[in-house]
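Residues per chain are reported as follows:
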Amino acid sequence: MTGLRDLLQRYRPVGTPGAAARPGVPADRATEVATELEPVLALLADTEDEMRRLRAAAREEARRIREQAAHQAEELVDAARDQAVEVRSQEAARAREEAAPDGELLVDAARDHARRMHERARTLMPEYVARAAATALRGIARANAEKR
């Protein structure tokens with residue numbers, strides 16, 4: 001259905017009010033434009049077909065590139081996981097090697113400390129036994145005195 005604007009456009013080019021002129025025929029601009037542009041658009045049909053073909057080829061190429069990139073990414077992730085296991089084990093071995101001297105030093109220090117404590121206990125033991133025995137004898141004597 002023709003719109004009001006199209007209907008009014010038909011009568012516009014016939015002339016302006018004023019002196020009498022030849023009678024005009026309403027112009028059909030849509031038909032004029034279509035008739036004028038039809039040969040030009042026909043020349044572009046081959047270009048449009050080529051454009052569609054190029055777009056389809058580009059989409060296919062993009063799909064292929066995405067698939068290839070996804071495959072490469074999977075391979076990279078798998079390789080990184082494999083390397084991570086190896087690197088972790090190497091670093092753990094290196095850390096153990098570095099810690100070994102410190103561990104040996106700590107064990108030696110603990111043994112030395114235990115030896116000194118043992119010597120000190122051997123030195124102080126007779127005095128502590130004598131004190132304990134004296135305290136026990138005093139307690140026994142006090143208990144005997146209370147019983148009488």
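All values reported here derive from a predicted model rather than from experimental measurement.

(A) Quick peek at the overall build of the chain. Looking only at helices and strands, one finds three helices and zero strands in the chain. When the helices and strands of the chain are read in sequence order from the N terminus, they spell out α-α-α. With 148 residues in all, the chain has 1% of them scored as buried. Counting every atom, the chain has about 13700 Å² of accessible surface; 59% of that belongs to carbon and sulfur.

(B) Local environment of the pattern of salt bridges. Under the counting rule described, the total for this entry stands at 12 salt bridges. Notably, a salt bridge pairs Arg-63 with Glu-60, separated by 2.2 Å at the nearest N-O pair. Highlighted residues: Arg-63 and Glu-60, both in helix H3 (residues 45-147), separated by three residues, approximately one helical turn. Residue Arg-63 is classed as partly exposed on the basis of its relative accessible area of 32%. Where Arg-131 meets Glu-127, a salt bridge forms, and the shortest distance between an N and an O atom there is 2.6 Å. Here Glu-127 and Arg-131 lie together in helix H3, a separation of four residues that amounts to about one turn. On the basis of relative accessibility, which here comes to 49%, the residue Arg-131 falls in the partly exposed class. Exposure remark for Glu-127: the relative accessible area of 38% places this residue in the partly exposed category. By sharing partners, the salt bridges in this structure join Asp-112, Arg-115, Arg-116 and Glu-119 into a single network.

(C) Inspection of the environment of Asp-6 at higher detail. Within the secondary structure, Asp-6 sits in helix H1 (residues 4-11). The exposure class assigned to Asp-6 is partly exposed, which follows from its relative accessible area of 48%. Placed 22 residues apart in sequence, Asp-6 and Asp-28 show a C-alpha to C-alpha distance of 8.9 Å.

(D) Geometry of a nonpolar patch on the surface. A cluster of nonpolar side chains, Val-33, Leu-37, Val-40, Leu-41 and Leu-44, forms an exposed patch at the surface whose accessible area comes to about 420 Å². Locating Leu-44 in the fold gives a position in the loop between helix H2 (29-43) and H3. According to the relative accessible area criterion, Leu-44 is partly exposed, its value standing at 42%.

(E) Highlighting H3. Along its 103 residues, H3 runs just 133 Å from first to last C-alpha, ending more than 12% under the 153 Å computed at 1.5 Å per residue. Maximum bend of H3: about 45°, positioned at Leu-124, with proline Pro-126 one to four residues after it.

(F) Fine view of the packing of H2 against H3. The interhelical angle for the contact between H2 and H3, taken along N-to-C directions, is 40°, at an axis separation of 4 Å. Here H3 runs oblique to H2, going by the angle between their axes. Between H2 and H3, the residues in contact are Leu-41, Ala-42 and Leu-43 and Ala-45, Asp-46 and Thr-47, respectively. In terms of residue class, the contact of H2 with H3 is made up of four nonpolar, one polar and one charged.

(G) Local environment of the environment of Glu-48. Examined against the element boundaries, Glu-48 turns out to sit in helix H3. There is a polar contact of 2.5 Å between the side chain of Glu-48 and the side chain of Arg-52.

Parameters and conventions
- Residues numbered from 1 in each chain as written.
- Predicted model: local features only at pLDDT ≥ 70, side-chain atom pairs only at ≥ 80, totals over all residues.
- Heavy atoms only, no water.
- Helix = DSSP H or I, 4+ residues; strand = E, 2+ residues; numbered from the N terminus.
- Buried < 20%, exposed > 50% of the residue type's maximum accessible area, 1.4 Å probe, protein only.
- Areas by Shrake-Rupley, 256 points an atom, 1.4 Å probe, with all protein chains shown as cover.
- Salt bridge = Lys/Arg side-chain N within 4 Å of Asp/Glu carboxyl O.
- Patch = residues over 30% accessible without salt bridge, like charges linked within 9 Å, V, L, I, M, F, W, Y side chains within 5 Å.
- Expected span 1.5 Å × (residues − 1).
- Bend = angle between axes of the 7 residues up to and from the residue.
- Axes fitted to C-alpha atoms, helices over the stretch in contact; angles between N-to-C directions.
- Parallel < 35°, antiparallel > 145°, perpendicular 65-115°, else oblique.
- Contact = heavy atoms within 4.5 Å.
- Nonpolar A, V, L, I, M, F, W, Y, C, P; charged D, E, K, R; others polar.
- Polar contact = N/O pair within 3.5 Å; in protein donor to acceptor, adjacent residues only side chain to side chain.

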